[in-house]
Amino acid sequence: MSDDEPRPGSVEELFARERALVTDLSAGEERWQRIVQTARWRRRSHRQRYAGAAAAVALLAAGVAWASTHGTATPPRPAATTVVTPGPTQATGPAPSTPAPSPTATAAPGLARGAAVPKDFTVLSLSNAGHGHVYAMGDASCGHGVRCPVLAGSADEGRTWAVVHAFDGRTVPDPDVVGATVQPASVLSQVRFATPLIGWVFGGGAMQTRDGGRTWAPYPHSGDAVVALETDGQQVVVVTGQRCGTGSCSGQLTLATDSVAQPHGVAGGGASADVGRGWNEPVLALGGGQPVVSVWTPVGGVLLQVQDTESLSPGSQGPVCRGGGAEVVTTDASAHPGLVGLCTTQGAAGSLGYAVNTSPDGLTWSVVDAQSLTLVNGGHIALAAADRSNLLAVSGGNPSIHGSLKVSHDGGHTWVVPAGAPPMPAMGWRWVGAPGGATFYAIGGPGPAYWVSHDHGDQWQKVTIG
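Only a predicted model underlies this, so the values are computations on that prediction, with no experimental measurement involved.

Overview of the sheet that holds strand S6 (residues 199-202)
- A sheet is described by the order of its strands in space; here four strands give the open sequence S5-S6-S7-S8, paired in antiparallel fashion. Every other strand in the sheet has two partners, leaving strand S5 (190-193) and strand S8 (217-218) as the edge strands with one partner each.
- Bridge count for strand S7 (residues 206-209) against S8 is two bridges, and the pairing is antiparallel. Each bridged residue has a counterpart across the sheet, and for Met207 the counterpart in S8 is Pro218.

Given below as structure tokens:
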């Protein structure tokens, strides 16, 4: 952080200043539901500020920026570094969850381990655990018109797939709420593996396996719901929220760490901040010495960093963000990862421009280029970084204007649509990841397939799971 850049204060001070500018309105359930709906679709309302008159002709939808982190493909990928973060403390914090002591989760009928992946499988999340092991979390029909969370796995880099586990009694995300990363505690939709054997599924609830998915146990955590989880192979970092429903949480956000080798859960510890009512779309990134969380609130975005073992404080994403937090932030998948972030800077009819920011440690940020990246304004964006030079940015969320997919091979100074780009999905792109090396993953609209590139995004191949 430069000497002339404003120093961040506490989270409470930040939002106190913002709330002082807010005009009181009459309370009521109808008004609150409108506020929650706006928070769920924060990309749309956020970007309308930049689109100006073009907003009248741009068809906006909403979504989530799920950024990739080092080691696995939905955020975590095969670990090559250690992220140094404060461990859980016994300080006073939110009340821990109380999962049942049962050591395993019940498998859904008809979806036994080793069975063929159902043809109606929809992939929601990917995680590369290394040594050829790739896991895909999604949902499929489990009978009687009900869809269940299903984990599929491959031991040969995605060439063949089989059911690993189906979670009976758990629920899947609401299909009518596109891109909501905050979900009720019963939902499982995301996967992160630290090794081929040790991994987590979450999406509101959270469960852990230590035997490659044969058995699952509830993962102890504070708060009502797990809203983000990443691992670097040695530590797992978990973000939880209070009073969470589909689309948003209210009150305290807590970030805590746990050991991968000797896990104890993250109940009762970690660093917390009261982010207020209706916060949503948390994006957790590891690397550069400490984790950071980008979160959106009804009064603006904020980038949270660990201030001490008990509290989080707002950081600075650089001058181009103007104190509004990162639009999306991710960790590059190199051996010594740093952070890459995007901030909205300008708007035109149906598109938005972004500034590319980088940081070695999450504390100091520099602007790479403030004008080079423009994406179709489909409603949400996602970012992945194979290393400091090779970046992938996408947008999507709207069937009328689809989305964009662009790559940069010079650290964000220039961006192009690759010659071998995959066909544009009807809803554009909803997630990209960097599992290490020259590989990128991309997930489009609902279905059993994802796309993979092994040359930093220039050429792509389709992989069908179901």
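Overview of the pairing of strand S12 (residues 271-285)
- Across the 15 residues of S12, 13 count as buried, placing the element largely inside the fold.
- The sheet contact formed by strand S11 (residues 249-259) and S12 spans six bridges and is antiparallel. By the bridge assignment for S12, Leu255 is matched with Ala271.
- Note that S12 and strand S13 (residues 292-297) share four bridges and pair antiparallel. Residue Val283 lies in a different strand from S13, and its bridge partner there is Ser294.

Observations regarding the state of the cysteines
- Counting across every chain of the model gives two disulfides.
- Here Cys142 is linked by a disulfide to Cys148, with a sulfur-sulfur distance of 1.9 Å. Taking the torsion about the S-S bond as the criterion, the Cys142 to Cys148 disulfide, at about 65 degrees, is right-handed.
- A residue is classified by how much of its surface remains accessible, and Cys142, at 14% relative accessible area, is buried.
- Among the residues examined, Cys148 registers a relative accessible area of 2% and is labelled buried.
- Between Cys244 and Cys249 runs a disulfide, and the two sulfur atoms are separated by 2.0 Å. Between Cys244 and Cys249 the sulfur-sulfur dihedral comes to about 105 degrees; the bridge is accordingly right-handed.

Structural notes on the sheet that holds strand S21 (residues 391-398)
- If you trace the three strands from one edge of the open sheet to the other, you get S20-S21-S22, paired in antiparallel fashion. Every other strand in the sheet has two partners, leaving strand S20 (380-385) and strand S22 (402-408) as the edge strands with one partner each. Put simply, the sheet's adjacent strands are angled 10 degrees from each other on average, direction ignored.
- In this sheet, S22 lies alongside S21 in antiparallel orientation, the contact comprising six bridges. Bridge assignment links Val394 to a residue of S22, and that residue is Leu405.

What counts, and where the lines are drawn
- Throughout this document, residue positions are counted from 1 along each chain, in the order its sequence is written.
- Given that the model is predicted, a residue must reach a pLDDT of at least 70 before its local features are reported, and side-chain atom pairs must reach 80 or more before they are shown or counted; all residues, however, enter totals for whole chains, interfaces and linings.
- Heavy atoms from the whole structure form the basis of all side-chain values; hydrogens and water molecules are not counted.
- Strands pair, by our definition, only if DSSP identifies at least two bridges between them.
- Numbering of helices and strands runs from the N terminus; a helix is a DSSP stretch of H or I covering at least four residues, while a strand is a stretch of E covering at least two.
- Under the scheme applied here, a residue whose accessible area is under 20% of the maximum for its type counts as buried, over 50% as exposed, and between as partly exposed, the area being computed with a 1.4 Å probe on protein chains only.
- Cysteine sulfurs are considered disulfide-paired once they come within 2.5 Å of each other.
- Orientation is described by axes fitted as lines to C-alpha atoms, over the contacting stretch for helices, and by angles from 0 to 180 degrees between their N-to-C directions.

On their own, these measurements won't tell you what the molecule is for.
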